[in-house]
Amino acid sequence: MTAPMTDGSGLQAGLKNRHLSMIAIGGVIGAGLFVGSSTGIATAGPGILLSYALVGTLVVLVMRMLGEMSAANPTSGSFSAHADRALGRWAGFSIGWLYWFFWVVVLAVEATAGAKILEGWIPAVPQWGWALIVMVVLTATNLVSVGSYGEFEFWFAGIKVVAIGAFIVVGALAIFGVLPGAHTDKAGLGNLTDHGGFLPNGPGAILTGVLLVVFSFMGSEIATLAAGESEDPQRAVTKSTNSVIWRIGVFYLGSIFVVICLLPWNDPSIKAQGSYVAALDSLGIAHAGQIMNFIVLTSVLSCLNSGLYTASRMAFSLGGRGDAPKAFARTTSRGVPMAAIIASVVFGFVAVFFNYAFPDTVFLFLVNSSGAVALFVWLVICASQLRLRRIIERESPEKLVVRMWLYPYLTWATIALIVFVLGYMLTDTEGESSGRTTVLLSLLVALAVVAVSVIKERVRGGKGVTTAETDTDTDKVSVG
C-alpha cells in the first residue's frame, strides 16, 4: 500500500475509495449519452453499435496507457504532467491549457442544458437564473473541500448508474416479452435487422456515427486526476483502469443495444423525444419523459461538478509547474485550490453569458474550437506513453503495475486510429458545427496555445525552473 498523498503542495487525500469508484464509473456516463445518442441512431441505424464499440475500444486503449503512467506516477496534473516529462514543457503546457479550456466551455453547455430542464419544471425562474443558481451551488461545493465534491459526485453518479442499470433490466424484460403490463408490440431482437438491415445507410455511416459519439466519452480520464487526492492513488488508478472495459460495455453498448431493440431505429419518436425517453414511452411507462429529464439533469449536474473539479485541478497543476499564475497552486487549509476554482468558474460564467448573448457567434466558436480537444488529449497520451514506458522500464520497473497491452504496437495502432478519425472529420462539411469546422478551429486554438508556450520558453531563455525542480509529488519519474 502506498502512502497517503497530499500532492506535496497543499492538496489533501480527501477522496475515499467509494468516491473514486463512483467518479470512475460516472466519468464515462456523460449527459451526451442520453442527449446525443438519438442523432447517432438516426444516422447509422443499428450500426451505431459498431460506432460505440469502435470509440469504446479506443477509449479502453487510451485509458490503459494513461493508467500505466498514472499508476507509476499519480499526480493531479495527470496526462499534462506526463506530457511535460515525456515530450517537453511545451506539450504539458499546451495540452493542460487546452483541456482546461475544454472543460470551462463544457461548464457553460451543461449549465444551460440543466437550466432548460429546471425552467420547464419551475418557469417562474428564468433560464439564466437557473444557470446562475446551478453554477453558484456547485462552485460552493467545490470550494468547501475535495471530500464534498466527492460526496456530491458519489450520489450523482450513483443515480446515473442505478438509472441505466434499471433501464437495461426493464428493457431486456420487454424485449423478451416478459415485462408485465408493458406495450411490447414494437420490441424485439428483429429491430436489429428488420428495417433496412443492420447497416441501412451503408458502412460509411459507422464512421459518421463515430464522429457523433466520440465526444460523449470525454471524462473517462477524470479518475486519474482525482486519484492524486485519494488515500491510495496507485490502487485507485489501477482499479479504474482495469474496470473501464466493463463500464463502457455495460453503460454504453448495453443501453444503446436495448434502445435499438425496443424501437425500430427509424421511428420518428427517437429524434423527436430522445432515444431513452422514446424507448420508455414505447412501453407505456407513465411519466417516462419526466423520469428521463430527472436522470438527464442528474447527469448534467454530475458533469458540471466534475468539470469544475477537473478544470481547477488542471489549473492547480499548471500553476505548480510554473505554466500558470502561482496563485493557482496555493490551497486553503482544507486543501482546496481556491484561486484555480474561481478562475475556472469565472470563465464558465463568461461562457454562459456568451451562450445567451451571442449563441450563434462567440459561443458557437467556443464550442467548435474545443470540440476536437478530446482527440488531441488522447493523441498526447499515446505519444507520452511511448516515451515514458522506456524511461520507467529503465529507471523504476517495479512501478509498472499497469502495463499497456502489446506495447508498442497497440499504442501505434491507437495513434493511427485517432489520426484517421481526425482526417475523416475533415470530410464532414455539413452545418455550422461540421467536423471540418470543429477540427480546423480546434487546431487553430491548439496552435495558438503551442505558440504561447514556445514564446514563453524563449522568454525564459533556458534560465527558468526546470521540470525536475518543479516536481512536487514524491516518487516522480524523471526524464533524464
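Here the structure is a predicted model, which means the values were calculated and not measured.

When you go through the protein residue by residue, the secondary structure sums to 19 helices and 0 strands. Its C-alpha radius of gyration of 22 Å places the protein within 12% of the 23 Å reference for a compact globule of 480 residues. Referenced to the eigenvectors of the C-alpha coordinate spread, the extents of the protein come out at roughly 70 × 55 × 45 Å. Here the protein, with 480 residues, has 58% of them falling under the buried criterion. Intrachain contacts of the protein at a sequence separation of at least 6 include 81% that bridge at least 24 residues. Accessible area of the protein: about 18,300 Å², with a carbon and sulfur share of 68%.

With 92% of its residues at a pLDDT of 70 or more, the protein shows a mean pLDDT of 86. Confidence drops under pLDDT 50 across residues 1–9; counting only partners more than four residues distant or on other chains, this segment forms 29 contacts. Segment residues 464–480: pLDDT under 50, and 39 contacts once partners within four positions in sequence are set aside and those in other chains are kept.

What follows concerns the pattern of salt bridges. The tally for this structure, following the rule as stated, stands at 10 salt bridges. Here arginine 89 makes a salt bridge to aspartate 84, at a shortest N to O gap of 3.7 Å. A cluster of three or more residues bridged by salt bridges with shared partners is formed by Asp84, Arg89, Arg321, Asp323 and Lys456.

Our next topic: the packing of helix H5 (residues 89–121) against helix H13 (residues 288–320). Here H5 crosses H13 at 155°, and the two axes come no closer than 8 Å. Looking at the two axes, H5 sits roughly antiparallel to H13. Pair H5 / H13 crosses with left-handed handedness.

Thresholds, definitions, all that
Residues numbered from 1 in each chain as written. Predicted model: local features only at pLDDT ≥ 70, side-chain atom pairs only at ≥ 80, totals over all residues. Heavy atoms only, no water. Helix = DSSP H or I, 4+ residues; strand = E, 2+ residues; numbered from the N terminus. Rg over C-alpha atoms; globule rule 2.2 N^0.38 Å. Buried < 20%, exposed > 50% of the residue type's maximum accessible area, 1.4 Å probe, protein only. Contact = heavy atoms within 4.5 Å. Areas by Shrake-Rupley, 256 points an atom, 1.4 Å probe, with all protein chains shown as cover. pLDDT = per-residue confidence, 0-100. Salt bridge = Lys/Arg side-chain N within 4 Å of Asp/Glu carboxyl O. Axes fitted to C-alpha atoms, helices over the stretch in contact; angles between N-to-C directions. Parallel < 35°, antiparallel > 145°, perpendicular 65-115°, else oblique. Left-handed = near helix turned anticlockwise from the far one by under 90°.

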